[in-house]
Amino acid sequence: MQLLNMKETIRFMSLKKPAAILSVCLIIGSITSLAINQLNWGLDFTGGTQIEVGYGQTADLSQIRGQLEASDFKDAVVQNFGSSQDVLIRLASRDGVKPSELGDAALKILKEADSTAEMRGSSYVSSSVGEELTEQGGLAMLVALICILIYVALRFEWRFALGSVAALMHDVLITLGLFSILGLEFDLTVLAAVLAVIGYSLNDTIVVCDRIRENFRKIRKGESEEIINISLTQTLNRTIITSLTTILVLLALFFVGGATIHGFATALLFGVLIGTYSSIYVSSLVALTLGISKEDLMPTEIEKEGADQDPIA
């Protein structure tokens, strides 16, 4: 299926400088936000008590926060959950207080202000489990990047390997930066989405690298930049179709999937967009900057045994 019928090669690499500047600015902005604002860690990582409270009418979040703050729950995080009548409240752990007692105490305060308030559900994660999940989540991403670096280096060439890993780090950092800037909650479902973004972006990058290698071997004349432009143009239809079909599914999850997977859909939706961009520019641009050439991708000629010996008279 050809979504776009392109007869001429698109000069993607003519925008390499603006693309590089854009990527550097996005990465610097993301790192700055992560250093200053950090991430809004979910209950899965921080530990604490989470209760779901339902009201008979639209809940006033600012009023609920005020009620809890006045009763020594100053660290409570209050947000809508699913509908305007459902509220999700996150409470940090307290020494000497059982999680169930903490949730009951908060509910009692809310009931005194509004008798329609009722508990819909509760959950608890200890701080030690949260710290362990944080460590294991970061380790999982690091191991994934190292394995990808080794695989691409063996499958293609070390310049492509560095370009692929640079693109993946680019996607992860900017996705995390989005969550930091917007203050969106980062929980285990979002971590799973970030790992899925790594897989999606890698798949796109591998397709592009494979076509570049194929064209370097097939096209006898042409500079490296020209061959990369040809390869990116040839894979553009595939990239657009794959991205569009994925985005359609993610939009459905984002708008009608509910609050439980809202963060998951947000991370994947943004990750697919930034991953498509990085597979076109970041990975190819890094390989081009490192000096990828036809000689680097030509198959090694294996001399046959006895080929260098004199023929027997």
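Worth saying up front: this structure is predicted, and the values here are computed from it rather than measured. (Residues numbered from 1 in each chain as written. Predicted model: local features only at pLDDT ≥ 70, side-chain atom pairs only at ≥ 80, totals over all residues. Heavy atoms only, no water.)

Enquirer: Looking at this structure, how should I read the overall build of the protein?
Expert: Within the protein one finds 11 helices and 6 strands. Classification of the 313 residues of the protein by burial places 41% in the buried group. Long-range pairs, those at least 24 residues apart, make up 79% of the contacts in the protein between residues at least 6 apart in sequence. Of the roughly 17,200 Å² of accessible surface on the protein, a fraction of 59% belongs to carbon and sulfur atoms. (Helix = DSSP H or I, 4+ residues; strand = E, 2+ residues; numbered from the N terminus. Buried < 20%, exposed > 50% of the residue type's maximum accessible area, 1.4 Å probe, protein only. Contact = heavy atoms within 4.5 Å. Areas by Shrake-Rupley, 256 points an atom, 1.4 Å probe, with all protein chains shown as cover.)

Enquirer: Mind showing me how you'd approach the packing of helix 3 (residues 61–70) against helix 4 (residues 99–113) here?
Expert: Helices that pack against each other are described as a pair by the angle of their axes relative to one another and the distance between those axes. In the contact formed by helix 3 and helix 4, the axes pass within 10 Å of each other and the chain directions differ by 120 degrees. One element, helix 3, and the other, helix 4, form an angle in the oblique class. Classified by chirality, the crossing of helix 4 by helix 3 is right-handed. For the pair helix 3 and helix 4, the contacting residues are Ile64, Gln67 and Leu68 in the first and Ala106, Ile109, Leu110 and Ala113 in the second. (Axes fitted to C-alpha atoms, helices over the stretch in contact; angles between N-to-C directions. Parallel < 35°, antiparallel > 145°, perpendicular 65-115°, else oblique. Left-handed = near helix turned anticlockwise from the far one by under 90°.)

Enquirer: Before we go on, may I ask you to explain the environment of Thr276 in this structure?
Expert: With respect to the element layout, Thr276 can be found in helix 9 (residues 262–280). Note on Thr276: relative accessible area 15%, which makes it buried. When the C-alpha positions of Thr276 and Ala167 are compared, they lie 10.0 Å apart, and in sequence the two are 109 residues distant. Setting aside anything within four residues of it in sequence, one finds Thr276 in contact with Tyr200, Asp204, Thr239 and Ser243.

Enquirer: Got a minute to help me understand the pattern of salt bridges in this structure?
Expert: Any two side chains of opposite charge can pair if their charged atoms end up close together. Tallied over the full model, the rule gives 8 salt bridges. For Glu118, the salt bridge is made with Arg120, and the minimal N-O distance between the two is 3.1 Å. Under the relative-accessibility criterion, Arg120 is labelled partly exposed at 46%. With a closest N to O distance of 2.9 Å, Asp210 and Arg213 form a salt bridge. Pair noted here: Asp210 and Arg213 are both in helix 7 (residues 188–218), with a separation of 3 residues, about one helical turn. Look at Asp210 and you get partly exposed, because its relative accessible area is 29%. Owing to a relative accessible area of 15%, Arg213 belongs among the buried residues under this scheme. Each of Asp86, Glu118 and Arg120 takes part in salt bridges that share partners, so that together they form one network. (Salt bridge = Lys/Arg side-chain N within 4 Å of Asp/Glu carboxyl O.)

Enquirer: Could you clarify how one ought to interpret helix 9 in this entry?
Expert: A turn of α-helix holds 3.6 residues, and therefore any two residues three or four places apart point the same way. Taking 1.5 Å of rise per residue, 19 residues should cover 27 Å, and helix 9 covers 28 Å from first to last C-alpha, within 8% of that figure. Burial within helix 9 is extensive, with 15 of its 19 residues counted as buried. (Expected span 1.5 Å × (residues − 1).)

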